[in-house]
Amino acid sequence: MLLKDLREKIFCVILKLLAIFSIFLLGFIIIFILKESLGLFKTISPIKFILGRSWNPIASQPRLGILPMILGTIYVSFIAICIALPIGVGFSLFMSTYLNRKWKRIIKSVIDILAGIPSVVYGFMGLLVIVKFFEIRFSLSSGETVLAGGILLSIMILPYIVSTCDESMEKVYEKYRLSSSALGVSNSYMVREILLPSSRMSILASAILSLSRAMGETMAVMMVVGNSPIMPKLLGKCETIPSLIAMEMGTAGVGSEHYYALFGSGFVLMIMLIIINLVFYFLKKKVES
């Protein structure tokens, strides 16, 4: 008994140390990016940097405004969520209520494989299928558009939505299935009145998780949105913050305004993600209360 208690105490201590290490690691990343960003804010105000509409860091008088990239990141990500969330929730309902265990196990394996495909592969698929489709269907000079990025991202985040929702929905379904059958309640009624309301927190969590994933995606989005630092339009080009950093960090001289501006862009993206997660936290408390 003493040995068992000792093992539990050691296990608890290890978990606490790992949690503390994770917090320190996150804090270190935030502090490092903020420190590298401060060099920019000595010459340009944060408001001007965030609300500026022009990006030309190599001009004789550099113009460093990232509003088009902020809006591009949000625009592409929200299009992806609007497409993927209804499909993901509907597919999770179908898997939880209508599929037998054998087929469900097979389909979940396929979904796990989709989640593990490298983003560059999705990018190639987007270039060859989605971009080409827009060029032909809408007679565009280039199919690299905000909508193409949103559609591609929706495919990429779909496995995360399904995985997050399916587990919760399956538990609720198994809990009420026999009672509903005994009372003569139809399956569709149980799904509408019991399963969906009981799964609202998992649906919300999947939406936030997928939105954060979409906003941080780099390679696949970079290959299909055109990477033009202009105000985004649905059938026009745009550039996201991760794409901006990935494309220009290698050419930015260390210690230059360009270098600091890219770190500042990363810090803005991190703040955006923190705000989204805080909103989710307060929504969760409001729903649970």
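Along each chain, numbering runs from 1 in the same order as the chain's sequence is written. Totals for whole chains, interfaces and linings use every residue, but because this is a predicted model, local features are given only for residues with pLDDT of at least 70 and side-chain atom pairs only at 80 or more, for both listing and counting. Hydrogen atoms and water are omitted, and side-chain values are computed over all heavy atoms in the structure.

Draft legend 1. Structural detail: the overall build of the protein. Labels follow the DSSP assignment, with helices taken as runs of H or I lasting at least four residues and strands as runs of E lasting at least two, numbered in each case from the N terminus. Scanning the protein for helices and strands turns up 11 helices and two strands. In sequence order, the secondary structure elements of the protein are arranged as α-α-β-β-α-α-α-α-α-α-α-α-α. Seen through its C-alpha atoms, the protein measures out along the principal axes to roughly 75 × 65 × 35 Å. Residue burial is assigned from relative accessible area. The probe radius is 1.4 Å, only protein chains are included, and a residue is buried under 20% of its type maximum, exposed over 50%, and partly exposed in between. With 289 residues in all, the protein has 40% of them scored as buried. When contacts within the protein are restricted to residue pairs at least 6 apart in sequence, long-range pairs at least 24 apart make up 71% of them. The protein carries 27 positive and 16 negative side-chain charges, and their two centres are separated by 4 Å. Note on definitions: a residue-residue contact is assigned when non-hydrogen atoms from the two residues lie within 4.5 Å. This count recognises Lys and Arg as positive and Asp and Glu as negative, with His and chain-terminal groups excluded. Charge positions are represented by NZ for Lys, CZ for Arg, CG for Asp and CD for Glu.

Draft legend 2. Seen up close, the packing of aromatic side chains. Centre distance within 6.5 Å is the pairing criterion for rings of Phe, Tyr and Trp, where only the six-membered ring of Trp is used; planes under 30 degrees apart are then read as stacked, over 60 as edge-to-face, and the remainder as tilted. According to the stated counting rule, one finds nine aromatic pairs in the structure shown. Taken together, F28, F32, Y259, Y260 and F263 form an aromatic cluster joined through their ring pairs.

Draft legend 3. Representation of helix 5 (residues 119-137). In a regular helix each residue adds 1.5 Å, so 19 residues correspond to 27 Å; helix 5 covers 25 Å between its end C-alpha atoms and thus fits that length. Bend at a residue means the angle formed by two fitted axes: the first through the 7 residues ending at that position, the second through the 7 residues beginning there. The largest bend along helix 5 measures about 40° and falls at G126. Among all positions in helix 5, only Y122, G123, G126, I130, V131 and F134 are buried. Against the buried residues of helix 5 lie helix 4 (101-116), helix 6 (146-182) and helix 9 (219-222). Expected helix span is taken as 1.5 Å per residue step, with the number of steps being one fewer than the number of residues.

Draft legend 4. Representation of the confidence of the model for the protein. Confidence in the prediction for the protein averages 86 pLDDT; 98% of positions are at 70 or higher. Within a predicted model, pLDDT stands for the predictor's per-residue confidence, ranging from 0 to 100. Looking over the protein, one finds the lowest element-wise mean pLDDT in helix 7 (residues 187-198), namely 79, and the highest in helix 10 (residues 241-248), namely 91.

Draft legend 5. Spatial organisation of unusual backbone geometry. A positive phi angle, close to 55°, is found at S139, a residue other than glycine. As for its position among the elements, S139 is in the loop between helix 5 and helix 6. Non-glycine residue N227 carries a positive phi angle of around 55°. When you line up the elements, N227 lands in the loop between helix 9 and helix 10. In this structure N227 comes out as buried when scored by relative accessible area, which is 18%.

Draft legend 6. Here's a closer look at the nonpolar core. What makes a nonpolar core is a set of buried Ala, Val, Leu, Ile, Met, Phe, Trp, Tyr and Cys residues whose side-chain atoms join them at distances within 4.5 Å. One finds F49 and W55 to be the most contacted residues of the largest nonpolar core, which totals 63 residues. Of all the elements, helix 6 adds the most residues to this core, at 12 residues. Residues contacting F49, with those up to four places away along its chain left out, are L40, F41, I44, W55, L64, G65, I66, L67, A261, G264, S265 and V268.

Draft legend 7. Spotlight on the pattern of salt bridges. When a carboxyl oxygen of Asp or Glu lies within 4 Å of a side-chain nitrogen of Lys or Arg, that pair is called a salt bridge. Using the criterion set out here, one finds seven salt bridges in the structure. The partner of K171 in a salt bridge is E167, and the shortest N-O contact between them spans 3.7 Å. Pair noted here: K171 and E167 are both in helix 6, with a separation of four residues, about one helical turn. Its salt-bridge partner being R213, residue E217 comes within 2.5 Å of it at the nearest N-O pair. Taking the relative accessible area as the measure of exposure, E217 reaches 6% and is therefore buried. What you see here is one network of salt bridges that share partners, running through K104, K108, D166 and E170.

Draft legend 8. The arrangement of the packing of helix 3 (residues 67-97) against helix 7 in detail. Helix 7 packs onto helix 3 with a crossing angle of 120° between their chain directions and a minimal axis gap of 12 Å. Considering the angle they form, helix 3 stands oblique to helix 7. The chirality of how helix 3 crosses helix 7 is right-handed. Where helix 3 abuts helix 7, its residues V89, L93 and T97 lie against N187, V191, L195 and L196. Across the contact of helix 3 with helix 7, the residue classes tally to five nonpolar, two polar and no charged. Think of each axis as a best-fit line through the C-alpha atoms, taken over the contacting stretch in the case of a helix, with angles from 0 to 180 degrees between the N-to-C directions. Geometric relationships in this document are graded by angle, where less than 35 degrees denotes roughly parallel, more than 145 denotes roughly antiparallel, 65 to 115 denotes roughly perpendicular, and other angles denote oblique. A clockwise turn of the near helix away from the far one marks a right-handed crossing, whereas an anticlockwise turn of less than a right angle marks a left-handed crossing. Under this grouping Gly is polar, as are all residues other than the nonpolar Ala, Val, Leu, Ile, Met, Phe, Trp, Tyr, Cys and Pro and the charged Asp, Glu, Lys and Arg.

Draft legend 9. Broad picture of a nonpolar patch on the surface. A cluster of nonpolar residues, I271, I274, I275, L278, V279, Y281, F282 and L283, forms a patch on the protein surface that exposes about 710 Å² of accessible area. Judged by relative accessible area, I274 falls into the partly exposed class, the value being 35%. Residues form patches when they are more than 30% accessible in relative terms and have no salt bridge. Like charges link within 9 Å. Nonpolar side chains (Val, Leu, Ile, Met, Phe, Trp, Tyr) link within 5 Å. For accessible areas, the Shrake-Rupley method is used with a probe of radius 1.4 Å. Any residue's cover is judged against the shown protein chains and nothing else.

Draft legend 10. Representation of the environment of L67 in the model. Locating L67 in the fold gives a position in helix 3. For the pair L67 and G52, spaced 15 residues apart in sequence, the C-alpha to C-alpha distance is 5.7 Å.

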